[in-house]
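The residues making up each chain are set out below.
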Amino acid sequence: HDPHARLAELFHPGDEIEVKITKIDERGKIWLSRKALISDPWQDARNEHPQGSRHSGKVTRVEKFGVFVEIAPGIDGLIHVSDLTLKKIDHPEELVKVGDDIDVIVHQFDLRSHKISLHPAPPPEQANEAPQKVTKGGVVKVEVVRGEAAGVVVRLLGVTGRGARGFIPAGQTGTPRGTDLRKKFPPGQQLDVKVLDIDPRRGEP
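A. Summary view of the nonpolar core. Core analysis: the biggest nonpolar cluster contains 19 residues, and V69, I116 and L118 have the highest contact counts within it. Secondary-structure elements contributing two or more residues to this core are α2 (41-48), β3 (54-63), β4 (66-72), β5 (75-80), β6 (101-110) and β7 (115-120). When near neighbours in sequence (up to four residues on either side) are disregarded, L118 contacts V69, I71, G77, L78, I79, D83, V104, I105, V106 and H107. Counting residues in each nonpolar core, the second largest holds 14 residues, with V144, V152, V154 and F185 among its members.

B. Representation of the packing of aromatic side chains. Across all of its chains, the model carries 2 aromatic pairs by this definition. Both rings, one in F65 and one in F68, keep their centres 6.0 Å apart while their planes meet at 90°; by these two values the pair is edge-to-face. With relative accessibility at 39%, the residue F65 sits in the partly exposed group. Classification of F68 by relative accessible area gives buried; the value is 17%. The cationic tip of K23 hangs over the ring face of W31; the distance from NZ or CZ to the ring centre is 4.7 Å.

C. Structural view of the environment of G57. Within the fold, G57 resides in strand β3. Separated by 64 residues in the primary sequence, G57 and A121 place their C-alpha atoms 11 Å from one another. Those residues within four positions of G57 in sequence are excluded, and the remaining contacts are V69, E70, D100, D101 and I102.

D. Representation of the sheet that holds strand β8 (residues 139-147) in the model. Strand order across the open sheet formed by 4 strands is β10-β9-β8-β11, with antiparallel pairing between neighbours. Of all the strands in the sheet, the pair left with one neighbour each is β10 (165-169) and β11 (190-194). Here the strands of the sheet are splayed against their neighbours by 50° on average, with no regard to which way each runs. As defined by bridge partners, strand β9 (residues 151-156) adjoins β10 across 5 bridges and the pair is classed as antiparallel. Residue pairing across strands places V153 opposite F167, the latter belonging to β10.

E. Representation of the side chain of H119 in the model. Within the secondary structure, H119 sits in strand β7. With near-sequence residues (within four places) excluded, H119 lies in contact with D83, D103, V104, I105, H107, T160 and G161.

Cut-off values and rules
- Residues numbered from 1 in each chain as written.
- Predicted model: local features only at pLDDT ≥ 70, side-chain atom pairs only at ≥ 80, totals over all residues.
- Heavy atoms only, no water.
- Core = buried A, V, L, I, M, F, W, Y, C linked by side-chain atoms within 4.5 Å.
- Buried < 20%, exposed > 50% of the residue type's maximum accessible area, 1.4 Å probe, protein only.
- Helix = DSSP H or I, 4+ residues; strand = E, 2+ residues; numbered from the N terminus.
- Contact = heavy atoms within 4.5 Å.
- Phe/Tyr/Trp six-rings, centres within 6.5 Å; stacked < 30°, edge-to-face > 60°.
- Lys NZ or Arg CZ within 6 Å of the ring centre and 35° of its normal.
- Pairing = 2+ DSSP bridges.
- Axes fitted to C-alpha atoms, helices over the stretch in contact; angles between N-to-C directions.

Next comes the structure, spelled out in structure tokens:
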């Protein structure tokens, strides 16, 4: 089932293996399959790693676009760089390296293309936050990350990945023009806010 398997390392002349006859063609050629007798690890992984489940994994590769994490033998998922942290970084190597242990949440599982999208799991102090559905026009609870001249950067409680990164424009803070938003909205303050829009490209509210 592994398209990257090195067959010369798995099979050696003289080995005895069980195979299934899949067909015999008009020339008498017998077509055999070993794969047909082995459970697909990806099929098993879908059952054992449903969307929203939390798992411990190990970083196997770090690229500029994201981090690959092995969550089961032969099963790697990807944390996109946009989902890795609320902070702006130039490269994932600023946060993780190959061999690091990391807790992750399964965001999406695509069995057909053998792709798993992962998010970093919330730290212990955020683990009990109730999940929130983020929709345009909906009301959500957020926590202030920092105030800036242009507005307030917030984290949506109970949300993982890039969808947890929100922004309240200065004009939507309900404060007079010229207010120092860094003092008005200290880090850690919780607010109820309305979702005005969701960035279609970045997925951020």
